[in-house]
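# Geometric and topological summary
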Amino acid sequence: MPDTREGKDPAYPVPIPGTGFRAVVFDLDGVLVDSYEVMREAFSVAYREVVGAGEAPFGEYNRHLGRYFPDIMKIMGLPLEMEAPFVRESYRLASQVPVFDGVPEMLRELRGRGIPLAVATGKAGDRARALLAQLGLADMFETIIGSDEVAHPKPAPDMVRLAVSVLGARPEETVMIGDAVTDLQSAHGAGVAAVAALWAGVDEEALLAAGPVAILNRPAEVVSFCAAAGQTVASGVAS
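First, a word on what this report is: a plain description of the structure on this page. (Residues numbered from 1 in each chain as written. Predicted model: local features only at pLDDT ≥ 70, side-chain atom pairs only at ≥ 80, totals over all residues. Heavy atoms only, no water.)

The buried fraction of helix H8 (residues 181–190) is high, at 7 of 10 residues. The complete set of buried residues in H8 reads Thr182, Asp183, Leu184, Ser186, Ala187, His188 and Ala190. Contacts made by the buried residues of H8 are with helix H7 (158–167), strand E5 (174–178), strand E6 (193–197) and helix H9 (204–209). Glycine 191 sits one or two positions beyond H8 and adopts a positive phi of about 80 degrees. (Buried < 20%, exposed > 50% of the residue type's maximum accessible area, 1.4 Å probe, protein only. Helix = DSSP H or I, 4+ residues; strand = E, 2+ residues; numbered from the N terminus. Contact = heavy atoms within 4.5 Å.)

Take a look at the structure:
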């Protein structure tokens, strides 16, 4: 069971059912797969082809991860034409995207306990499903939802609400595992428990400010957190 960490109350307390969570929704990049370097390369190529010479502002792009690529381009004031080469390079480099250590075992354990799983990702749906199929993980999930498959992608709650509906769960018995503020905002809006995943080396302070009910440092902790969720998170953040 995760230890309790001292700290302020979560901004959005979520009731946790006495029997634990019955459904889990995952973000993809930074939670299930380590796609950081591939995204950096794809973004740099797209920037060079469309914008031209100069250093691609990947650091700023990285601050918006979790959002749909066209939405990030609008926020950054970059040409939407960057999407085509970015997607092309992402497909070309997909074989270089590894799964985080412990993720396959964690997914199998959750499924073995009868917990249905979903993915809600900033990627387009076809690209997310292709990547997970290539990695041999697609069959682990009841549904894989991309940002292009809902009216309003993250940080809006649409994707998480759709996932909860497909999984046949209630919001209060569902947890969303994400590594970005947009993931947690989407979870809050959908009324599900928002949990921060730190194993990709993300900014813990920013995630804590977004009010997760827990922070987890390893994929294996997802299983123990769900099993231990009979305890109400009322003060502090579980870690």
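Having put the structure on the table, let's press on.
Tallied over the entire structure, the rule returns 9 aromatic pairs. Considering the side-chain rings of tyrosine 36 and phenylalanine 58, the 5.3 Å spacing of their centres and the 80 degrees angle between planes classify their relative orientation as edge-to-face. Linking tyrosine 36 in helix H1 (residues 36–50) with phenylalanine 58 in helix H2 (residues 58–63), this pair joins segments that are 22 residues apart in sequence. Phenylalanine 58 gets classed as buried once you look at its relative accessible area, which sits at 4%. One aromatic cluster in this structure is built from Tyr36, Phe43, Phe58, Tyr61, Phe69 and Phe86. (Phe/Tyr/Trp six-rings, centres within 6.5 Å; stacked < 30°, edge-to-face > 60°.)

All right, on to the nonpolar core then. Ranked by internal contacts, the top residues of the largest apolar core, which has 40 residues, are Phe26, Leu32, Leu107, Leu110, Phe141 and Ile177. Looking at this core, the elements that each hand over two or more residues are strand E2 (23–26), helix H5 (103–112), strand E3 (117–120), helix H6 (125–134), E5, E6, strand E7 (214–216) and helix H10 (220–227). If we skip the residues at most four places from it in the chain, phenylalanine 141 touches Phe26, Leu32, Leu107, Arg111, Leu117, Ala118, Val119 and Leu132. In terms of nonpolar packing, the next biggest core, distinct from the first, is built from 23 residues, Val25, Ala118, Ala120 and Val164 among them. (Core = buried A, V, L, I, M, F, W, Y, C linked by side-chain atoms within 4.5 Å.)

Negative phi is the rule for most residues except glycine; trans is the rule for most peptide bonds. For the bond from lysine 154 to proline 155, the omega torsion is 15 degrees, close enough to zero to count as cis. Mapped onto the fold, proline 155 is located in the loop between strand E4 (143–145) and H7.

What follows deals with the pattern of salt bridges. For the coordinates displayed, the defined rule picks out 15 salt bridges. Of the charged contacts in the structure, one is a salt bridge between aspartate 29 and lysine 123, with a shortest N-O distance of 2.6 Å. In this pair, aspartate 29 is assigned in the loop between E2 and H1 and lysine 123 in the loop between E3 and H6, connecting sequence segments 94 residues apart. Each member of the pair, aspartate 29 as well as lysine 123, is classed as buried. For glutamate 142, the salt bridge identified is with arginine 111, shortest N-O distance 3.9 Å. Within this pair, whereas glutamate 142 is found in the loop between H6 and E4, its partner arginine 111 is found in helix H5, the two being separated by 31 residues in sequence. (Salt bridge = Lys/Arg side-chain N within 4 Å of Asp/Glu carboxyl O.)

Take the pairing of E6 next. Along any regular strand the residues' side chains alternate between the sheet's two faces. Here E6 lies mainly inside the structure; 5 of its 5 residues are buried. Alternating positions in E6 separate into two faces, Ala193, Val195 and Ala197 on one and Ala194 and Ala196 on the other, with burial throughout. In this structure, E5 lies alongside E6, joined through 4 bridges in parallel fashion. What sits directly across from valine 175, in E6, is alanine 193. With respect to chirality, the unit in which E5 leads through H8 into the neighbouring parallel E6 is right-handed. As paired strands, E6 and E7 are joined by 3 bridges and run parallel to one another. By the bridge assignment for E7, valine 195 is matched with alanine 214. Handedness of the β-α-β unit built from E6, H9 and E7 comes out right-handed. (Pairing = 2+ DSSP bridges. Right-handed = clockwise from strand over helix to strand, strands pointing away.)

Before going further, it helps to spend a moment on the pairing of E2. The alternating pattern of E2 places Ala23 and Val25 on one face and Val24 and Phe26 on the opposite face, and all of these are buried. Strand direction decides the pairing type here: E2 and E5, joined by 4 bridges, are parallel. When the sheet's bridge partners are listed, valine 24 is paired in E5 with valine 175. When E2 meets E3, the two strands line up parallel, connected through 3 bridges.

What follows concerns the environment of proline 79. As for its position among the elements, proline 79 is in the loop between helix H3 (69–76) and helix H4 (83–92). For proline 79, a relative accessible area of 28% gives the class partly exposed. Here the alpha-carbon distance between proline 79 and valine 50, two residues 29 residues apart in the chain, equals 7.6 Å. The contact partners of proline 79, leaving out residues within four places of it in the chain, are Val50, Val51 and Met73.

Any functional reading would require information that these geometric values do not contain.
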